[in-house]
Each structure stands twice: as C-alpha cells, then as structure tokens.
Amino acid sequence: MLRAAIAGVLGFVLVFIESIIVMKLKGYVTIEFGGIAPFINVWAMNFFFVFAILTQVTNWYTNRESLKEDNSY
C-alpha cells in the first residue's frame, strides 16, 4: 500500500521533470498535453515504472537481510 502511494507521488513528479527536460531541449515555454487523458496516461506509465522499481528494491532489501541472518552457506 505504501509502495503504491509513493509510486503515485513520484510518478506525478516525474511528469513534471520529463516536461521540463522536453521544454529545455526543444526551447518551448509551455507543453500542451492535449487534455486530461494523455496526462493521465503519462502519469500511469510513470506510476508503473516507479512501482516496478520500488518492488525490485524492496525484494532486494528483503533478500539481502535474509542472507545476513542465514549463515548456512
């Protein structure tokens, strides 16, 4: 649940970071997303991207901690 909330917020932040990068590269002053639907689509892609990364980091951390406790190898 916490991962989804963090992914939602970071996905929203990534939309603006990506927009700033595009504006700087192309020399634009503003960006028109073409409505709310394309904006939500970009946000959703960023959400799943961040959620996947957070899931992998969480799994890595959990497995790392379990390996420290298990000294049978």
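The notes below deal with the structure included here. (Residues numbered from 1 in each chain as written. Predicted model: local features only at pLDDT ≥ 70, side-chain atom pairs only at ≥ 80, totals over all residues. Heavy atoms only, no water.)

### Notes on the overall build of the protein
Move 1: The secondary structure content of the protein amounts to two helices and zero strands.
Move 2: Taken over the C-alpha atoms alone, the protein extends approximately 60 × 25 × 15 Å along its principal axes.
Move 3: Each of the 73 residues in the protein was classed as buried or not, and the buried ones make up 12%.
Move 4: Taking the intrachain contacts of the protein between residues at least 6 apart in sequence as the baseline, contacts between residues at least 24 apart amount to 76%. (Helix = DSSP H or I, 4+ residues; strand = E, 2+ residues; numbered from the N terminus. Buried < 20%, exposed > 50% of the residue type's maximum accessible area, 1.4 Å probe, protein only. Contact = heavy atoms within 4.5 Å.)

### A closer look at the environment of Val-29
Move 1: Along the chain, Val-29 turns up in the loop between helix H1 (2–26) and helix H2 (36–69).
Move 2: Residue Val-29 is classed as exposed on the basis of its relative accessible area of 75%.
Move 3: Distance from Val-29 to Phe-16, taken between C-alpha atoms, is 13 Å for residues 13 residues apart in sequence.

### A word on the packing of aromatic side chains
Move 1: Per the stated rule, a full pass over the model turns up eight aromatic pairs.
Move 2: The interplanar angle of 75° and the centroid separation of 5.0 Å between the aromatic rings of Phe-12 and Phe-16 together place this pair among those described as edge-to-face. Taken together, the residues span about one helical turn, with Phe-12 and Phe-16 both in helix H1 at a distance of four residues.
Move 3: What makes Phe-12 partly exposed here is its relative accessible area of 32%.
Move 4: Site record: aromatic cluster; members linked through ring pairs are Phe-12, Phe-16, Phe-33, Phe-39 and Trp-43. (Phe/Tyr/Trp six-rings, centres within 6.5 Å; stacked < 30°, edge-to-face > 60°.)

### Remarks on a nonpolar patch on the surface
Move 1: There is a patch of nonpolar side chains on the surface, built from Leu-2, Ile-6, Val-9, Leu-10, Val-13, Ile-17, Ile-21 and Leu-25 and spanning about 740 Å² of accessible area.
Move 2: On the secondary structure map, Leu-25 appears in helix H1.
Move 3: Assessed through its relative accessible area of 72%, Leu-25 is described here as exposed. (Patch = residues over 30% accessible without salt bridge, like charges linked within 9 Å, V, L, I, M, F, W, Y side chains within 5 Å. Areas by Shrake-Rupley, 256 points an atom, 1.4 Å probe, with all protein chains shown as cover. Salt bridge = Lys/Arg side-chain N within 4 Å of Asp/Glu carboxyl O.)

### Comments concerning the side chain of Asn-46
Move 1: Positionally, Asn-46 belongs in helix H2.
Move 2: A relative accessible area of 7% means that Asn-46 is categorised as buried.
Move 3: A distance of 3.5 Å separates a polar side-chain atom of Asn-46 from the backbone oxygen of Gly-11.
Move 4: Excluding residues that lie within four positions of it along the chain, Asn-46 makes contacts with Gly-11, Leu-14, Val-15 and Glu-18. (Polar contact = N/O pair within 3.5 Å; in protein donor to acceptor, adjacent residues only side chain to side chain.)

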